[in-house]
Amino acid sequence: MQDGTKQIEGAKAKRTAKNSVFLDLFQNKSYLLMLYKTLHPEDHTATEDSLTDITIENVLTDNLYNDLGFIANNKLMILEVVTIMMGLFDQEQIMKSFIRSERHDADRETAERMIRKGKMSLEEIADYIPSLPLEELKELEAEVMQLA
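Residues numbered from 1 in each chain as written. Predicted model: local features only at pLDDT ≥ 70, side-chain atom pairs only at ≥ 80, totals over all residues. Heavy atoms only, no water.

**Student:** How would you explain the overall build of the protein if you had to name every residue and give the values?
**Tutor:** The secondary structure content of the protein amounts to 7 helices and 3 strands. Secondary structure elements of the protein, listed N to C terminal, follow the sequence α-α-α-β-β-β-α-α-α-α. Per-residue burial over the protein gives 27% buried out of 148 residues. Within the protein, counting contacts between residues at least 6 apart in sequence, those at least 24 apart form 45% of the total. (Helix = DSSP H or I, 4+ residues; strand = E, 2+ residues; numbered from the N terminus. Buried < 20%, exposed > 50% of the residue type's maximum accessible area, 1.4 Å probe, protein only. Contact = heavy atoms within 4.5 Å.)

What follows is the structure in structure tokens.
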């Protein structure tokens, strides 16, 4: 073999941080089995021993052909990170959580502006922004006063 050929054979595929987290996590067969059972709850016979990792590394480029590949009970599973996430989490719940978070952030920004103006008490602000408890408003006030 020539030296150039040896270098290609010994090369490892570079992975992005996103891919690395998922690949490292699912190299552990117990987590891989949990993922498989989440995607296929009807299969009660799968065990860690029945799983075979077949993630394909592309040694000629800096990426992977697939994010995760494995065989479980003669079923070929080739998954991308998005597929994994959508399999584990309900899309509607993700959207609801995102919307709640955005509303909470907007309410905190409004409360912060009201606190900075100093024209209303925290109790009055709590009346106008009922989604923020008085304790959270007190913490926000302390943050605002530290920055002032």
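**Student:** Hey, could you go over the pattern of salt bridges for me, with residue numbers and the actual values?
**Tutor:** Once their charged atoms are close, side chains differing in charge can pair, the charge on each being opposite to the other. Inspection of the entire model under this criterion finds 4 salt bridges. For E143, the salt bridge is made with R108, and the minimal N-O distance between the two is 3.4 Å. Linking E143 in helix α7 (residues 134-147) with R108 in helix α5 (residues 91-117), this pair joins segments that are 35 residues apart in sequence. Of the charged contacts in the structure, one is a salt bridge between R116 and E112, with a shortest N-O distance of 2.7 Å. On the criterion of helical spacing, the pair formed by R116 and E112 is a turn pair, its members being 4 residues apart in helix α5. You can call R116 partly exposed: its relative accessible area is 45%. (Salt bridge = Lys/Arg side-chain N within 4 Å of Asp/Glu carboxyl O.)

**Student:** Could you give an account of the environment of G69, naming the residues involved and the relevant values?
**Tutor:** Tracing the backbone shows G69 in strand β2 (residues 68-72). For G69, a relative accessible area of 0% puts it in the buried group.

**Student:** I'd like a description of the pairing of β2, backed by residues and values.
**Tutor:** Regular strands place side chains that alternate from one sheet face to the opposite one. For β2, the buried fraction is high: 4 of the 5 residues fall into the buried class. In terms of strand pairing, strand β1 (residues 51-53) meets β2 through 3 bridges, oriented antiparallel. Paired with L51 across the bridge in β2 is A72. (Pairing = 2+ DSSP bridges.)

**Student:** Please give an account of the side chain of E136 that cites residues and values.
**Tutor:** Looking at the secondary structure, you find E136 in helix α7. The residues contacting E136, other than those within four sequence positions of it, are H104 and R108.

**Student:** Give a description of a nonpolar patch on the surface that names residues and reports values.
**Tutor:** A contiguous nonpolar surface patch, about 290 Å² in accessible area, is contributed by M95, F98 and I99. Relative to the assigned elements, M95 resides in helix α5. (Patch = residues over 30% accessible without salt bridge, like charges linked within 9 Å, V, L, I, M, F, W, Y side chains within 5 Å. Areas by Shrake-Rupley, 256 points an atom, 1.4 Å probe, with all protein chains shown as cover.)

**Student:** How would you sum up the environment of E136? Please name residues and give values.
**Tutor:** Of the residues examined, E136 reaches a relative accessible area of 17% and is grouped as buried. Sequence separation between E136 and A126 is 10 residues, and the spatial gap between their C-alpha atoms is 9.7 Å.

**Student:** Got a sec to walk through helix α3 (residues 29-39)? Specific residues and values, please.
**Tutor:** Among all positions of α3, only L32, L33, L35 and Y36 are buried. The buried side chains of α3 occupy one side of the element, clustering within an arc of 160° when seen end-on. (Arc of directions from axis to C-beta.)

**Student:** Outline the environment of E141, supporting the account with residue identities and numerical values.
**Tutor:** Note on placement: E141 falls in helix α7. By relative accessible area, E141 is classed as partly exposed at 30%. Sequence spacing of E141 and E112 is 29 residues, and the spatial spacing of their C-alpha atoms is 7.4 Å. Ignoring anything within four residues of it in the chain, the contact list for E141 reads I115 and L122.

Fair warning: the whole summary comes from geometry, so function is off the table for now.
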